[in-house]
Amino acid sequence: MSGWDFVREEQSRLEPGDYRVEIVAVEETVSKSGNDMIVVTVQPNGSKIKINNYIVKNQYFNRNMTQFFDAFPQIDEGDFNFLGWIGCVGAAKLKEDEKGYLKVAWFINARKAESLPP
């Protein structure tokens, strides 16, 4: 007689692709290499997962911030009031990293994201 009760429990997995994402947290910190960086945590709509995206103050900073501001039209360009970013909705291309976890490949321009479901 076994004491192991088992009931199958399916788990839905978010596939890589284009998603609307909401900013749920923002943190200012320092990278492993000592550069200032912003950690933007986004949550794809319709899911409970949270994905950290790292914007490092390096030679790609201006390009990455331009892409970020273009993806989140509720945030004024050059606005670094991080509390105001929380709750803003934009879009991102999600892909799997080498460990199989989803990460932000890039943020999608708001005009191109108009066709995505809300």
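As shown above, the structure is provided for reference.
Notes on the structure follow. This structure is a prediction, so every number in the text was calculated from the model and none was measured.

The next thing to look at is the overall build of the protein. What the protein contains, in helices and strands, is one helix and five strands. Going residue by residue from the N terminus, the α and β elements of the protein occur as β-β-β-α-β-β. For 118 residues, the compact-globule estimate of 2.2 N^0.38 gives 13 Å, and the protein exceeds it by more than 25% at 17 Å. Principal axes of the C-alpha set define a box for the protein whose edges measure 65 × 40 × 25 Å.

What follows deals with the environment of P44. The residue P44 is located in strand β2 (residues 36-44) in this model. The exposure class of P44 is buried, given its relative accessible area of 1%. Sequence separation between P44 and A91 is 47 residues; the distance between their C-alpha atoms is 8.5 Å. In contact with P44, not counting residues within four places along its chain, are L14, Y19, R20, V21, I49, I51 and L94.

Counting residues in hydrophobic clusters, the biggest one holds 25 residues, and the most contacted among them are I23, I38, F68, F72 and W85. Only β1 (17-30), β2, β3 (51-56), α1 (61-71), β4 (89-96) and β5 (102-107) provide two or more residues apiece to this core. Considering each element in turn, this core owes the most residues, five residues, to α1. Non-local contacts of I38, meaning those with residues more than four positions away in its chain, are made with V26, E27, N53, Y54, I55, F61, M65, F80, F82 and W85.

Here we have five strands laid out as an open sheet, ordered β3-β2-β1-β4-β5, and antiparallel in their pairing. The strands lining the two open edges of the sheet, one partner per strand, are β3 and β5. Going from strand to strand, the sheet's axes swing by 50° on average, the running direction of each strand aside. Across six bridges, β1 lies against β4 in antiparallel orientation. In the sheet register, G17 faces β4, and the bridge partner there is L94. Across the sheet, α1 touches β1, β2, β3, β4 and β5, and the angle it forms with β3 is around 135°.

Below, the discussion takes up the pattern of salt bridges. Using the criterion set out here, one finds one salt bridge in the structure. Of the charged contacts, one joins D18 and K93 as a salt bridge, the two residues approaching to 3.1 Å between their closest N and O atoms. Of this pair, D18 sits in strand β1 while K93 sits in strand β4, and the two are 75 residues apart along the sequence.

Conventions we followed
- Every chain is numbered independently, its residues counted from 1 as its sequence is written.
- Local features in this predicted model are restricted to residues of pLDDT 70 or higher, and side-chain atom pairs are both shown and tallied only at a pLDDT of 80 or more, whereas totals for entire chains, interfaces and linings draw on every residue.
- Just so you know, side-chain values use all the structure's heavy atoms and leave hydrogens and water out.
- Each helix corresponds to a stretch of at least 4 residues labelled H or I by DSSP, and each strand to a stretch of at least 2 residues labelled E; elements are numbered beginning at the N terminus.
- What the globule rule says is 2.2 Å times the number of residues to the power 0.38, and the radius of gyration is computed from C-alpha atoms.
- Relative accessibility thresholds used throughout: buried, under 20% of the residue-type maximum; exposed, over 50%; partly exposed, between the two (1.4 Å probe, protein chains only).
- Residue contacts follow a heavy-atom distance rule, with two residues in contact if any of their heavy atoms lie within 4.5 Å.
- We define the nonpolar core as a collection of buried residues of types Ala, Val, Leu, Ile, Met, Phe, Trp, Tyr and Cys that are connected through side-chain atoms lying within 4.5 Å of one another.
- Any two strands with at least two DSSP-identified bridges between them are counted as paired.
- All axes here are fitted lines through C-alpha atoms, helices being fitted over the stretch that makes contact, and every angle between N-to-C directions spans 0 to 180 degrees.
- For salt bridges, the criterion is a side-chain nitrogen of Lys or Arg within 4 Å of an Asp or Glu carboxyl oxygen.

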